Each structure stands twice: as structure tokens, then as C-alpha cells.
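In case you want the letters, here they are:
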Amino acid sequence: MYKRLLLPFLFFFDAERVHHWVCNALRFAYGLPLVPGLLKKLYVFEHPSLVREVAGLRFKNPVGLAAGFDKNAEMVDELAALGFGYVEIGTVTPRPQPGNERPRLFRLKDDNALINRMGFNNKGAGVAAAKLRYRKSDIMVGGNIGKNKDTPNEKALDDYVRCFQDLFEVVDYFVVNVSSPNTPGLRDLQEKEPLTHLLRELQKLNNYKPKPKPIFLKIAPDLNHSQLDDIVEIVLATGIAGVIATNTTISRKGLNVSDSDLEKIGAGGLSGQPLRHRSTEVIRYLCEKSGDAFPVLGVGGIASPADAREKLNAGASLLQIYTGFIYEGPGLARRICKSLVEQRTLNT
Ligand SMILES: Cc1cc2nc3c(=O)[nH]c(=O)nc-3n(C[C@H](O)[C@H](O)[C@H](O)COP(=O)(O)O)c2cc1C
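- By the naming in an unreviewed UniProt entry, the protein is Dihydroorotate dehydrogenase (quinone), taken from Persicitalea jodogahamensis.
- For the record of the protein, the UniProt heading Function (unreviewed entry) holds the text "Catalyzes the conversion of dihydroorotate to orotate with quinone as electron acceptor."
- What the UniProt record of the protein gives under Sequence similarities (unreviewed entry) is the line "Belongs to the dihydroorotate dehydrogenase family. Type 2 subfamily."

See the structure below:
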């Protein structure tokens with residue numbers, strides 16, 4: 001019903017506006033009597049074989065909602081009721097910022113893809129932290145952190161530290177985002193020297209805490225082999241927990257959309273099906289190169305149980321979805337979980 005009736009209707013309107021409508025509708029509905037229970041019945045699939053222990057945390061199932069959907073941590077309980085094993089909030093920055101001018105989110109329907117140049121629009125880490133204090137669900141929550149647009153790269157560490165401190169008590173793990181293509185210069189922080197410095201300082205701060213939290217690094221799919229080798233080295237050298245692979249790509253290769261339409265859309269990160277293969281390659285490379293020395297969380301183009309299995313077979317410890325959730329609808333996490341359990345039963 002979602003794909004045949006609701007999606008064509010929603011796709012008639014501006015993508016970002018629809019995002020806000022759907023989120024508001026979900027939040028409103030969740031506040032009504034009986035609805036939370038009904039949603040859980042429809043969408044949550046639990047089974048002992050789905051539980052994953054990663055970086056010392058216990059995830060109810062391996063399917064998470066990727067960063068960018070719930071930037072301000074406004075609907076973690078609602079998303080838990082849609083069957084996700086964990087939700088990554090953010091990217092948040094220390095100070096609120098409006099992001100880029102609209103329109104900044106575009107659908108590529110023939111490619112099952114999106115292009116976005118949101119630019120870290122968010123209400124600030126403090127606001128997200130206040131929201132998370134009242135969450136009721138017990139799924140894992142990650143805090144994806146970044147720097148403000150007007151903070152120069154030489155001062156980036158201060159921004160990451162502030163977000164880290166603001167969120168420390170209310171998230172289960174952290175993600176250092178240096179891979180968004182929509183904040184000018186941010187990806188330069190993926191270079192070996194600044195990245196090592198940033199992660200070492202954050203991990204140092206983390207180690208001072210009585211109970212440190214796992215810190216993951218989220219990387220771009222556009223890194224070459226030598227840059228990925230550097231990432232492996234940096235993760236091992238700084239002692240952070242692992243890597244999230246991948247963020248959106250700046251590549252426009254192999255799309256069905258016309259060049260003139262692409263030109264009209266302009267800059268931004270591409271997500272969804274066209275990203276799937278590259279992100280799986282990156283996951284496989286990191287796992288092989290590191291000898292599975294740290295967990296890699298796989299994200300990029302997952303829209304079906306088969307896509308999920310592809311990432312797990314490449315070595316991913318956990319999964320995340322964003323664009324697939326938009327195109328496939330709220331039943332996707334459950335479908336993947338159910339299929340993983342069925343597959344396991346078949347194999348035993
Ligand atoms: C509209 C939109 C906003 C996003 N915002 C963020 C963000 O704020 N931080 C981040 O780390 N990733 C962000 N992402 C990237 C996703 O978390 C994910 O890494 C990427 O979309 C690939 O997964 P997918 O193909 O399942 O969408 C965003 C993606 C989209 C489509």
C-alpha cells in the first residue's frame with residue numbers, strides 16, 4: 001500500500017516538506033492512545049538471534065536508522081516503534097544553524113536515490129540532549145556530531161568537544177562526522193594529520209570519563225585505497241571503536257537521471273541505490289585490511305533484505321538505512337529482521 005498509494009501522492013510535493021509532514025504525523029499519532037502498541041505490533045520484530053553485541057553495546061537488532069533523519073532527536077521513541085534496533089541522531093553542531101538555502105533535498109525516482117545539500121541544519125547539541133533526556137524506549141541511540149559552518153577547520157576540535165560534552169550523558173555511542181559533502185572544507189578533516197589529532201583528543205577526553213562511550217568515525221565513499229589504509233591505521237592508533245561506512249557520495253556515475261536534470265539539482269551528496277555497490281566495497285576493504293580488528297557499520301543503498309545481507313557478508317557488524325526507508329516505507333526494518341531470522345533457520 002505504501003509504495004502503490006502513499007508514495008506517489010507524497011512524491012507530488014517538495015521532498016523536505018513531506019519529511020516534516022510525515023514526522024509531525026508520526027509524532028502526533030504516537031501520542032494517541034493505543035497507537036504506540038499498534039505500531040509496535042505492526043513493525044517490531046524481535047528474536048534472540050537478531051541481538052548484536054558491538055563495541056560493548058547490546059543492540060536488539062542490527063538495523064538502525066542512519067543520521068540525518070532525526071537530526072534533533074525529536075522522535076526516537078516513535079522510530080523505535082517502527083522496528084529499528086537503534087537510531088543515530090544528528091548531525092548536531094554546538095550552535096544551532098539553519099543549513100543551506102532551500103530547495104536542498106531532491107528525489108531521483110528512476111534511481112531510487114536522493115541528493116541532499118542540507119548543510120547540517122539543526123537546533124544545536126544542547127536541544128538534542130534535552131530531548132533525549134525524556135526518551136522512553138530502550139533502543140541504542142548514537143549521537144552524530146559535527147562542526148558549525150562558520151567554525152574554521154583549525155578550531156573544529158572545539159566544536160566536536162562541545163557536542164561530545166553536551167550529549168555524553170544521553171547517548172550510547174558517538175559518531176564523528178567529517179564526511180558530509182555539504183559543509184565547505186569539512187572533508188579536509190579526513191586527511192591523516194588533522195583526523196588523527198581530532199580523534200586522539202576526543203578519545204583522550206572519552207578515556208577520562210568513568211565510563212567511556214564508543215566513538216565511531218563516519219567516512220565518505222569517495223576515499224581511495226590509500227586513504228582507506230590511512231583510516232585503518234588511524235582507528236587502530238587512536239583506539240576509537242570503529243567506522244561507519246559510508247556517508248553520501250559526490251559521484252554522479254551511472255545514474256538514469258538526465259544530465260540537464262542533474263545540472264538543475266546542483267551540488268549535494270547522493271544516497272540510495274547508486275551508492276550501494278561502492279559502500280559495500282568500502283566495508284569489505286576496511287574489514288579485510290584491518291583483519292576485522294574493529295567493527296564496521298554498513299550504510300549506503302540498503303533497500304531490501306538482500307541488500308542487507310550483502311553488507312553483512314562484506315563484514316558489516318550493524319546496518320543503517322535512510323533512503324531505502326523513504327522509498328520502501330516503514331516496514332523495511334521489520335522485513336530485513338524477519339528475513340535474517342528466516343535465513344538463519346534455513347541455514348541451521
Ligand atoms: C536528507 C539526508 C540528510 C542526511 N544528513 C546526514 C547528517 O546530518 N549526518 C550524517 O552523518 N549523514 C547524513 N546523511 C547520510 C546518511 O546518514 C547515510 O549515510 C547516507 O544517506 C547513505 O545511506 P542511504 O543510502 O541508506 O541513504 C543524510 C542523508 C540524507 C538523504
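On we go.
Some points on the packing of helix H8 (residues 225-238) against helix H10 (residues 273-290)
Here is step 1: Running from amino to carboxyl end, H8 crosses H10 at an angle of 50 degrees, the nearest separation of the two axes being 10 Å. It follows that H8 is oblique to H10 by the angle criterion. H10 is crossed by H8, and the crossing has right-handed handedness. The segment H8 lies against H10, with His225, Leu228, Asp229, Ile231 and Val232 engaging Arg278, Val282, Tyr285, Leu286, Lys289 and Ser290.
Here is step 2: Each residue belonging to the contact of H8 with H10 can be placed in one class, and the counts come to 6 nonpolar, 2 polar and 3 charged.

Comments concerning the site of the ligand
Here is step 1: In the region of the ligand, 24 residues are neighbours, and Ala67, Thr91, Gly272, Gly301 and Thr323 sit closest.
Here is step 2: With respect to the ligand, the side chain of Lys218 contributes an N or O atom lying 2.8 Å from an oxygen atom.
Here is step 3: At 3.0 Å, a backbone N or O of Thr246 approaches an oxygen atom of the ligand.
Here is step 4: Calculation on the ligand without its partners gives an accessible area of 610 Å², and the protein chains cover 98% of this total.
Here is step 5: Of all the secondary-structure elements, those providing two or more residues to the shell around the ligand are strand E4 (86-92), strand E6 (113-116) and strand E11 (269-272).
Here is step 6: Each residue belonging to the shell around the ligand can be placed in one class, and the counts come to 8 nonpolar, 14 polar and 2 charged.

Analysis parameters
Residues numbered from 1 in each chain as written. Predicted model: local features only at pLDDT ≥ 70, side-chain atom pairs only at ≥ 80, totals over all residues. Heavy atoms only, no water. UniProt positions renumbered as here; feature names shortened; annotations may be inferred. Axes fitted to C-alpha atoms, helices over the stretch in contact; angles between N-to-C directions. Helix = DSSP H or I, 4+ residues; strand = E, 2+ residues; numbered from the N terminus. Parallel < 35°, antiparallel > 145°, perpendicular 65-115°, else oblique. Left-handed = near helix turned anticlockwise from the far one by under 90°. Contact = heavy atoms within 4.5 Å. Nonpolar A, V, L, I, M, F, W, Y, C, P; charged D, E, K, R; others polar. Near = heavy atom within 4 Å. Polar contact = N/O pair within 3.5 Å; in protein donor to acceptor, adjacent residues only side chain to side chain. Areas by Shrake-Rupley, 256 points an atom, 1.4 Å probe, with all protein chains shown as cover.

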